[in-house]
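# Structural characterization, general
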Amino acid sequence: MKTSAQVVVIGGGVVGCSVLYHLTKFGWTDVMLVERSELTSGSTWHAAGGFHTLNADTNMAALQGYTIRLYRELEEITGLSCGLHHVGGVTLATTPERVDHLKAERAKHRYMGLETEFIGPEEIAKLSPITNTEGVLGGLYDPLDGHLDPSGTTHAYAKAARMAGVEIVLRNPVKATTQRSDGTWDIVTEQGTIHAEHVVNAGGLWAREVGAMAGVYLPLHPMEHQYLVTEETPEVYERESELPHVMDPEGESYLRQEGRGICIGFYEQNCDPWAVDWTPWDFGHELLENKMERIEDSVAFACKRFPVLERAGVKTVINGPFTFAPDGNPLVGPVPGLRNYWSACGVMAGFSQGGGVGLSLAEWMVEGEPSRDVFAMDVARFGDWITPGYTRTKVRENYQRRFSISYPNEELPAARPFQTTPAYGIWNEQRAVFGAAYGMEAVNYFAPEGEPLFETPSFRRSNAFDATGEEVRAVREAVGINEIHNFGKYRVTGPGARDWIDRMMAGRVPKPGRLSLTPMLSPKGRLIGDFTISCLEEETFQLTASFGAQAYHMRWFLQHLPESGVSLENVSTRRIGFQIAGPNARALLARTTRADVSADAFKFMDVKEMDVGLTRAVVQRVSYTGDLGYEIYVGADDQRSLYAALSEAGEGLGLRPFGMRAMMSLRLEKFFGSWLREFSPDYTPMETGMDRFVSYNKPADFIGKAAALKEKAEGVSRRICAFAVDAADADVVAYEPIYVGGEIKGFVTSGGYAHYPRKSIALGFLPVEMIAEGLAAEIEILGDLRPATLITTPLFDADGARMRG
Ligand SMILES: Cc1cc2nc3c(=O)[nH]c(=O)nc-3n(C[C@H](O)[C@H](O)[C@H](O)COP(=O)(O)OP(=O)(O)OC[C@H]3O[C@@H](n4cnc5c(N)ncnc54)[C@H](O)[C@@H]3O)c2cc1C
C-alpha cells in the first residue's frame, strides 16, 4: 500500500468508485481508495439497481440523466458489463394533481432535452399489460428508465479508475483521520497511515461515523427499505420483450422485471430510521430481518394494481438500509469548517445519482468549482444549526414522501417550528401561515378570519392568492411591514476589511453611510452571491445576502479570509428587525425617530445608525419591494420593542404586515431577480443583468474579474427578460420551456402573479437577438401553451421615482 497520495477516497460503494473514476477522468491519478471490506460492502450490494431521471430539482434531474448515459461509456472503457436493462418506465397518475405534477415535470424535461412523454391509460396497458389501469388517468413515460447490476456497475467504475493508475486497497478499515497544521491529512488505516492532500468521505452507511473521525456532523440517516422478488411468472417470461418499470405513487411502489419474475419495492408510511445512534462496524454483508407486517397494506394495494402478484409466489424479501439527507438529495462538496475534506455521501439513489455526484465532486476538486449549479446537493445547504434529531425527523418524512408530489408552494410539516425569532408570537396572533427555510420560520402570508391557517399545496393558484393580493396592495397603497430575519448577514470589521470586500465582490465598495449592490463571482465568473454591502464606518461593514446560503457563503469567505486583520462574523440570527415599505413608509419611520429622515437627509441607498422607538438601530434606505422603503436592523433582544414602536406609530397610516408570498410578487413587478432563481452559479453577470453592478474598472483584482472582462468583451448569447403571460389559474414556477415561432428558444427562471398590476409574470432566458419589446412567445404551463408577450418596462415605478424619491 502506498503511504502518500494526492487524494484518499474512503469507501468502495458505487459512489466512492464513481468519485475515483471521475477524478481520473479529470486527470488526477495519484489517488487511492480505501475500503473496509470488499467493494460494494455497504448499501450498494443489496440495491434493486433501478435508475430514472425524475427529480423535483431540475439540476439533480440533469445529473441523473448524465449518470444513466454514462453506463455505456463505462462498459466500453472496461469491457465489463453493467448489466444494463434500458427498458423504459412509466410513472402513473391517478389524480388530477398528479397529472399536473407529471406535466410540469414533462415541461422541464423539454428544456433539458430529455425525451419523456405523457401517455394515456391505453398506451400504459399496451406497454405493461400486467398493470391494471383502472383509475389511472395517464402516466409519464421515460425511455431512459431501467435497471442494472449494482455490483457489476461498481466494479466497472473501479476498473476504469484502476486502468488510469489508481490504487484500491481492500479489507482495510479507516480508523482515524487527522489534519496536520498545513491542511493535509493523515488517514490512519488498519494497514498503516496514508498522508494525503485531500480526503473524500464516501462512507455511505458509515459516512456519519467517518465524518465524526474528522469532528464533523454530516446530516444523514439510514432507513430500512424492503423489496421483494417473485417466483417465475408466465406473464413475464412468455413475453418477447422485457417489461418496463412502473412507478405507482398511489401505492408507493416501484416494479420491474427481475429475470423471469417481478421485483417490487415499497416506500411505506410505517417506516423506521435504522441505527439511530451509529451504524455498527460489523454490519455489511447481511440483510435485516424482514418486516412484512410493515408493507402488508402496500402489498395488498399492489396486488390490485398488478393482479399477477396475487398468483406469483414470493421468492425473496430484501430488507436493507441506506442513507438519506433531510431533503433526500446527496451531500456533496467541501465540508464547511474543514480544509481539503470532501463529502460524497447521503446518496439515496446511487444508480441514478452516483455518476453526477462523482462528476461534480471531481470538477470541484480538480477545477475549483463544479460546471453547473449543484446547490441542491451541496453539503453546505445545511448549516451548523442542524442536529441529529432534526435530521432523523426530516429523513423519515422524506422517506414517507418519496412518491409524494412536490408542490411549488408546499411547506413540509416535520421538525417545525424549529428556529424562530422573537416576532414569531406576534405573527401567530395575527393568523400567520409560516414557511421554513434553513431551519427558520418565516411568514408566507396572513390568513383572513374564517380561512384555514394552512396553504393548500397546489400547482395552481392557492388559497393564499387573495390574501397575498391584499398584502401587496397594502404595500403599494399605504405601508407594509415584514421581517428581515431571513437574510444572511455578515459583519466584516478590522483593518483591511474594505480591501478584502473589494477583492471578494465584483461591485463597488461604498463609502461610509452608503450601500451598494454587488454580485459575488466564482473564478470562472459565475454568480455565487448577490449581496448588499452596507458601509457603517470606513472599516466596518454588514454584508447581506440569501439566508439559505449562509454555510455556502461562510465556506467561501473563510477559504479567502486573510490570516490576520479582517474579522468576519455570521450575525444572521442576531441582527434581525423589520422592513417597512410603501408610500407611507417615510412618515412611519419619522414618527418613531428623532433623526431627520426627510428625502434630502436620508437618501436612497443611505445607511444610518439612529434610535427607532426605544432601540438603537441601523436603518438602510432600500427595499426589495422596489418601493420607498427601509430595512431596520436591531439585536434580536430588541425586536419586539421595535415592533411595538412601529405598530403603534402605524396607526392611521394603513400599516399592514406582509409575508414572503407578497414579497415575491412585489419583486416581480420590478423584474428583480432572486438567489438560485435568476442568480445562480449556472449564470453570469451579463446574462442576468447583474453586469450593471459589476465595477469592471475598479483597481482591485476581484475574484472572477478576468472572466467578467472576457464576457464583457465577447458578449453573451442569452439574457434574462420578462414576459406578461396570459395564464389561466396557474403561473410559471421555473424551468418551463419558452417557445418562439413554435420552437423552444429559452426557459423560465422564475415568475408568478404580480398582484398590483394584476398580471402573470415570467422571467426567463432567450437568445439576445430575439429580445425585443412585444415579442410574441408561448410558455408551457401544466401542459398548456400559454401566450406570452415580452415586456421590457417594469410594471411599477419604472423610472424609480418612488423608490428614490
Ligand atoms: C433495499 C435497497 C434497495 C435499493 N434500491 C436502489 C435502486 O433501485 N436504485 C438506486 O439507485 N439505489 C437503490 N438503493 C440505494 C443504493 O443502494 C445507495 O444509494 C448506494 O448504494 C449508496 O452507495 P454509497 O457508495 O454511497 O454507499 P455504500 O454502498 O454504503 O458504500 C460505502 C462503502 O464505504 C465503506 N466504508 C465505510 N466506512 C469505512 C471505513 N471507515 N473505512 C473503509 N471503508 C469504509 C463500506 O464498507 C462501504 O463499502 C437501494 C438501497 C437499498 C437498501
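Now for a description of the structure that goes with this document. (Residues numbered from 1 in each chain as written. Predicted model: local features only at pLDDT ≥ 70, side-chain atom pairs only at ≥ 80, totals over all residues. Heavy atoms only, no water.)

### Examining the site of the ligand
Among the 38 residues in the neighbourhood of the ligand, the closest are listed as Glu 35, Arg 36, Thr 44, Val 347 and Gly 350. Within the contact set of the ligand, an oxygen atom lies 3.0 Å away from a backbone nitrogen or oxygen of Ser 43. At a separation of 2.8 Å, an oxygen atom of the ligand approaches a polar backbone atom of Phe 351. Within the complex, the protein chains bury 97% of what would otherwise be the 1,000 Å² of accessible surface of the ligand. Counting residues per element, the ones that place at least two in the shell around the ligand are helix H1 (14-25), strand S12 (221-230), strand S16 (314-324) and helix H10 (350-367). (Near = heavy atom within 4 Å. Polar contact = N/O pair within 3.5 Å; in protein donor to acceptor, adjacent residues only side chain to side chain. Areas by Shrake-Rupley, 256 points an atom, 1.4 Å probe, with all protein chains shown as cover. Helix = DSSP H or I, 4+ residues; strand = E, 2+ residues; numbered from the N terminus.)

### Focus: unusual backbone geometry
Cis geometry is found at the peptide bond from Arg 416 to Pro 417, where omega equals -10°. Locating Pro 417 in the fold gives a position in the loop between helix H11 (388-400) and helix H12 (424-429). At Arg 758, a residue that is not glycine, the phi angle is positive and equals roughly 55°. Assignment of secondary structure puts Arg 758 in the loop between strand S34 (743-754) and strand S35 (759-767). We classify Arg 758 as exposed; its relative accessible area is 54%. (Buried < 20%, exposed > 50% of the residue type's maximum accessible area, 1.4 Å probe, protein only.)

### Considerations on the packing of aromatic side chains
By the definition in use, this model includes 35 aromatic pairs. Seen from their ring centres, Tyr 683 and Phe 747 are 6.5 Å apart, and the 40° between their planes marks the pair as tilted. Here Phe 747 lies in strand S34 and Tyr 683 lies in the loop between helix H18 (660-669) and helix H19 (685-688), a separation of 64 residues in the sequence. The positively charged end of Arg 36 is found above the aromatic ring belonging to Trp 206, 3.9 Å away from the centroid. Seen from the ring of Phe 796, Arg 476 lies directly overhead, with NZ or CZ sitting 3.7 Å from the centre. (Phe/Tyr/Trp six-rings, centres within 6.5 Å; stacked < 30°, edge-to-face > 60°. Lys NZ or Arg CZ within 6 Å of the ring centre and 35° of its normal.)

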